[in-house]
Amino acid sequence: MKIILTVVYIILTTLGIFLMKLGGNSLSLSFTNGVNFKIGFVTLLGFLSYLGSFLLWQKLIVTFDLSYIVPITTGICQLLILIIGICFFKEQVNIVSIVGAILIIIGVVLLALGKR
């Protein structure tokens, strides 16, 4: 069950970031001085996904050791977001990004092996 919660957290986090980026600048605020508040549907879905991931995060940090769950989930999310940025948003990757991604992978593997 712990693994399922972790996977769902990672999916909701990356999906939330992806959808908010995809939604773009559709968010504006409205107050009595005439500024309108509107949020696009895609941005709203991203926000709700990210909110769901935050609620799961509360469960994960209580369930796991912080020194284990924080670096692993953060590393995996960072890698997935890097891949999403490259594949969907055509973001440029340089050698520093590639080296950083490799170091993250090594770190996540070492943490996972050290927990055994």
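Take the pattern of salt bridges next. All told, the structure shown has one salt bridge when counted by the stated rule. One salt bridge in this structure joins K21 and E91, with 3.8 Å as the shortest N-O distance. With K21 in helix α1 (residues 2-23) and E91 in the loop between α3 (66-89) and α4 (95-114), the pair connects residues that are 70 residues apart, well separated along the chain. When its relative accessible area of 47% is taken as the criterion, K21 is described as partly exposed.

So, on to unusual backbone geometry. Its identity as a non-glycine residue notwithstanding, K90 has a phi of 55°, on the positive side. The topology assignment puts K90 in the loop between α3 and α4. Owing to a relative accessible area of 60%, K90 belongs among the exposed residues under this scheme.

The subject of this paragraph is the packing of helix α2 (residues 41-63) against α3. Look at α2 against α3: their axes get within 8 Å of each other, and the N-to-C directions meet at 140°. For the element pair α2 / α3, the angle class is oblique. Listed contacts from α3 to W57, L60 and I61 of α2 are L66, I69, V70 and T73. Residue composition of the contact of α2 with α3, by class: six nonpolar, one polar and no charged.

With 24 residues, α3 ought to run about 34 Å at 1.5 Å a step, and its terminal C-alpha atoms sit 32 Å apart, in line with that. Those residues of α3 that fall on the buried side of the exposure criterion are I69, I72, T73, G75, C77, L79, I84 and G85. On its buried face, α3 sits against α1, α2 and α4. Just past α3, the residue K90 takes up positive phi, approximately 55°.

Scoring rules and cut-offs
Residues numbered from 1 in each chain as written. Predicted model: local features only at pLDDT ≥ 70, side-chain atom pairs only at ≥ 80, totals over all residues. Heavy atoms only, no water. Salt bridge = Lys/Arg side-chain N within 4 Å of Asp/Glu carboxyl O. Helix = DSSP H or I, 4+ residues; strand = E, 2+ residues; numbered from the N terminus. Buried < 20%, exposed > 50% of the residue type's maximum accessible area, 1.4 Å probe, protein only. Axes fitted to C-alpha atoms, helices over the stretch in contact; angles between N-to-C directions. Parallel < 35°, antiparallel > 145°, perpendicular 65-115°, else oblique. Contact = heavy atoms within 4.5 Å. Nonpolar A, V, L, I, M, F, W, Y, C, P; charged D, E, K, R; others polar. Expected span 1.5 Å × (residues − 1).

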